[in-house]
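One-letter residues, chain by chain:
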Amino acid sequence: MNKAVIGLQWGDEGKGKIVDYLSEGFDLVVRYQGGNNAGHTVIVDSQIYKFNLIPSGVIRGKICYLGQGVVLDPNHFAKEYDQIITKIDNPKIFLSSNISLILEYHKQLDKINESILNSEKKIGTTSKGIGPAYQDKVGRKSIKLYDLKSKKTIEEKIKSIKMFYDPILENFHESKINIEQTVEGLVDFYGKVKELIVDNSLIKKQFKNKKILFEGAQGALLDLDHGSYPFVTSSNTISSNVVIGSALQVDYKTLGIFKAYTTRVGNGPFPSELFDDVGHYIAEKGVEIGTVTKRKRRCGWLDLVSLKYSCEINRVNELCITKADVLNNLSKIKVCKSYNSKKYLDVNFSESNILNSMSLDETDFETFQSWGDIKDLSSFETLPNNLKNYILYIEEYLGIPIKIISLGPERNQTIIR
Ligand code: IMP
């Protein structure tokens, strides 16, 4: 069965490692949304791989496909591709012809959008031009990969885009769109990647009978519609977008991934956030620094209320917990089980003001005892009892089996139940 691997929190749950781990059993790994705002580091045999766009399945020689729901920055993709070809022989990477491009002006507009908001309203985007690129897609102004076949088409499109955006860019003292430079850049890029582009009409034939692993980017709580708007990313991150974003009409099961605690980069509500030494300790021990922006991630206890919501909106079939090893030496470990005694069905997660107004007290938490160092990774049974209790409590609360336990960045630090 095909599988979608989906982050259930605010991103950075460890999807890259799990996709790498699972991809052995699949033929094709597909990204269906987001762009180079995502980022993951995968460590295999002490070799470090960093990816933003290309699925980590590429390390195992799997076919990797970026579907039409992705927004692609040509300069970034070219750099990532060049790095990959120095490390991996004949990587099998394909791009949907229907992908919308992120160009320089999208990054300028991202910066402008943020600059006009006062500090508590700023989204804290990755500044990669993601929002403005999706805005153009919805506004029917995108330059698509298929447009790059014709220099004339690029020129025509960029001329009208220039008319639309130059007044804004000028108003904010940003450089105006340079038609010649943009067109030449895109023509060069096309020369480099044209062999990787698959016409959307051929996708089904090309990938017929392939077993597919879909790799989500960001997390369910950053979903444009289901997350705490406007502190969200600009795509639908949840599993129902798999089919639209890939243009592959297939059935799949959903594996939801969550960290044993919660993190968030950027602004927006975070009910179980820790502002004390424990929060700093988790951030440091868990190396909670954004892969893309190098910003420190905000840290908090595991939030089962939002996790239950994420499981529901993603129709999660099975779960994977990551990074419980980070909490090993804390004397007490807590999980948030309600917001002001409210359970997930009573909370509106898509309105940031509502989520922001949640102030939690002790009765909203369940406390667990330290599980100490984990010495044996051979099976669930050999884990310390306190960790087993933690996992079993979460499983019971969510009503979904936790099938994968990841206790370190290496492939062999993974327990399958
Ligand atoms: P954007 O996606 O760059 O527009 O940023 C919107 C929000 O999503 C910001 O809070 C970012 O920090 C957050 N975000 C975007 N991509 C990721 C990711 O891969 N991991 C975690 N947060 C992300």
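Quick note: structure is the one above.
Procedures and definitions
Residues numbered from 1 in each chain as written. Predicted model: local features only at pLDDT ≥ 70, side-chain atom pairs only at ≥ 80, totals over all residues. Heavy atoms only, no water. Pairing = 2+ DSSP bridges. Helix = DSSP H or I, 4+ residues; strand = E, 2+ residues; numbered from the N terminus. Contact = heavy atoms within 4.5 Å. Axes fitted to C-alpha atoms, helices over the stretch in contact; angles between N-to-C directions. Parallel < 35°, antiparallel > 145°, perpendicular 65-115°, else oblique. Left-handed = near helix turned anticlockwise from the far one by under 90°. Nonpolar A, V, L, I, M, F, W, Y, C, P; charged D, E, K, R; others polar. Buried < 20%, exposed > 50% of the residue type's maximum accessible area, 1.4 Å probe, protein only. Patch = residues over 30% accessible without salt bridge, like charges linked within 9 Å, V, L, I, M, F, W, Y side chains within 5 Å. Areas by Shrake-Rupley, 256 points an atom, 1.4 Å probe, with all protein chains shown as cover. Salt bridge = Lys/Arg side-chain N within 4 Å of Asp/Glu carboxyl O. Near = heavy atom within 4 Å. Polar contact = N/O pair within 3.5 Å; in protein donor to acceptor, adjacent residues only side chain to side chain. Phe/Tyr/Trp six-rings, centres within 6.5 Å; stacked < 30°, edge-to-face > 60°. Lys NZ or Arg CZ within 6 Å of the ring centre and 35° of its normal. Lys, Arg positive; Asp, Glu negative; His and termini not counted. Expected span 1.5 Å × (residues − 1).

A.B. asks: Kindly report on the sheet that holds strand 14 (residues 302–303), identifying the contributing residues and their values.
C.D. replies: The sheet built from three strands is open, its strands ordered 14-16-17 with mixed pairing. This sheet does not close on itself; its edge strands, each paired only once, are strand 14 and strand 17 (365–369). Contacting strand 14, strand 16 (332–336) and strand 17, helix 12 (residues 385–398) crosses the sheet at an angle of about 155° to strand 17.

A.B. asks: Kindly report on the packing of helix 3 (residues 104–115) against helix 5 (residues 151–171), identifying the contributing residues and their values.
C.D. replies: Each pair of packed helices can be described by the angle between their axes along with the distance between the axes. Look at helix 3 against helix 5: their axes get within 11 Å of each other, and the N-to-C directions meet at 25°. It follows that helix 3 is roughly parallel to helix 5 by the angle criterion. For the pair helix 3 and helix 5, the crossing hand works out as left-handed. On helix 5, the residues that touch Tyr105, Gln108, Leu109 and Ile112 of helix 3 are Ile158, Ile161, Tyr165, Ile168 and Leu169. Of the residues belonging to the contact of helix 3 with helix 5, the class tally is eight nonpolar, one polar and no charged.

A.B. asks: Talk me through the pairing of strand 10 (residues 212–215); I want residue IDs and the actual numbers.
C.D. replies: Of the two faces of strand 10, the one carrying Ile212 and Phe214 and the one carrying Leu213 and Glu215 are both buried. Where strand 1 (residues 2–7) lies against strand 10, three bridges are found, and the strand directions are parallel. Bridged to Ala4 within strand 10 is Phe214. Across four bridges, strand 2 (residues 28–31) lies against strand 10 in parallel orientation. The partner of Leu28 across the bridge, within strand 10, is Ile212.

A.B. asks: Which residues make up the pairing of strand 16, and what values do they have?
C.D. replies: Counting buried residues in strand 16 gives four out of five residues, a clear majority hidden from the surface. In the sheet, strand 14 pairs with strand 16 via two bridges, with the strands oriented parallel. Across the sheet, the residue bridging to Asp303 is Cys336, located in strand 16. Here strand 16 runs beside strand 17; their pairing, made up of five bridges, is antiparallel. Paired with Val335 across the two strands is Glu366, which belongs to strand 17.

A.B. asks: So what's going on with a nonpolar patch on the surface? Residues and values would help.
C.D. replies: A cluster of nonpolar residues, Ile116, Leu117, Ile168 and Phe172, forms a patch on the protein surface that exposes about 310 Å² of accessible area. Within the secondary structure layout, Ile168 lies in helix 5. Residue classification places Ile168 among the partly exposed positions, given a relative accessible area of 32%.

A.B. asks: Outline the site of the ligand, supporting the account with residue identities and numerical values.
C.D. replies: Close to the ligand lie 16 residues, the nearest being Asp12, Asn37, Thr126, Thr233 and Arg295. At 2.5 Å, a side-chain N or O of Thr126 approaches an oxygen atom of the ligand. In this structure, an oxygen atom belonging to the ligand sits 3.2 Å away from a main-chain N or O atom of Val265. When the free accessible area of the ligand is taken as 470 Å², the share hidden by the protein chains comes to 96%. Tallied by class, the residues present in the shell around the ligand amount to seven nonpolar, seven polar and two charged.

A.B. asks: Hey, could you go over the packing of aromatic side chains for me, with residue numbers and the actual values?
C.D. replies: Tallying each qualifying case throughout the model produces 14 aromatic pairs. Geometrically, the ring pair formed by Trp371 and Tyr390 is tilted, given 4.9 Å between the ring centres and 50° between the ring planes. Of this pair, Trp371 sits in the loop between strand 17 and helix 12 while Tyr390 sits in helix 12; the two residues are 19 residues apart in sequence, bridging distant segments of the chain. Across this residue pair, the class does not change: Trp371 and Tyr390 are buried. Just above the ring of Tyr49 sits the side chain of Lys87; from NZ or CZ to the centre is 5.3 Å.

A.B. asks: I'd like a rundown of the packing of helix 3 against helix 4 (residues 130–138), residues and numbers included.
C.D. replies: In the contact formed by helix 3 and helix 4, the axes pass within 7 Å of each other and the chain directions differ by 115°. Between helix 3 and helix 4, the angle is such that the two are roughly perpendicular. The chirality of how helix 3 crosses helix 4 is right-handed. On helix 4, the residues that touch Tyr105, His106, Leu109, Asp110 and Asn113 of helix 3 are Ile130, Pro132, Ala133, Gln135 and Asp136. Across the contact of helix 3 with helix 4, the residue classes tally to five nonpolar, three polar and two charged.

A.B. asks: Can you tell me about the side chain of Lys144, naming the residues and giving the values?
C.D. replies: Checked against the element boundaries, Lys144 lands in the loop between helix 4 and helix 5. In this structure, Lys144 is buried with no salt-bridge partner, the nearest side chain bearing the opposite charge being Asp147 at 7.7 Å. A distance of 3.4 Å separates a polar atom in the side chain of Lys144 from a polar atom in the side chain of Ser100. Apart from the residues lying within four places of it in its own chain, the contact partners of Lys144 are Ser97, Asn98, Ile99, Ser100 and Lys157.

A.B. asks: Outline the pattern of salt bridges, supporting the account with residue identities and numerical values.
C.D. replies: Evaluated as defined, the whole model comprises 22 salt bridges. The closest approach of N and O atoms between Lys323 and Glu288, which form a salt bridge, is 2.9 Å. With Lys323 in the loop between strand 15 (318–322) and strand 16 and Glu288 in the loop between helix 9 (277–285) and strand 13 (298–300), the pair connects residues that are 35 residues apart, well separated along the chain. According to the relative accessible area criterion, Lys323 is partly exposed, its value standing at 24%. It is possible to trace a salt-bridge network through shared partners that takes in Asp12, Lys259, Glu288, Arg297 and Lys323.

A.B. asks: Kindly report on helix 12, identifying the contributing residues and their values.
C.D. replies: Compared with the 20 Å implied by 1.5 Å per residue over 14 residues, the 20 Å span of helix 12 between its first and last C-alpha is a close match. Among all positions of helix 12, only Leu387, Lys388, Tyr390, Ile391, Ile394, Glu395, Tyr397 and Leu398 are buried. Following helix 12 by one or two positions, Gly399 has its phi on the positive side, about 70°.

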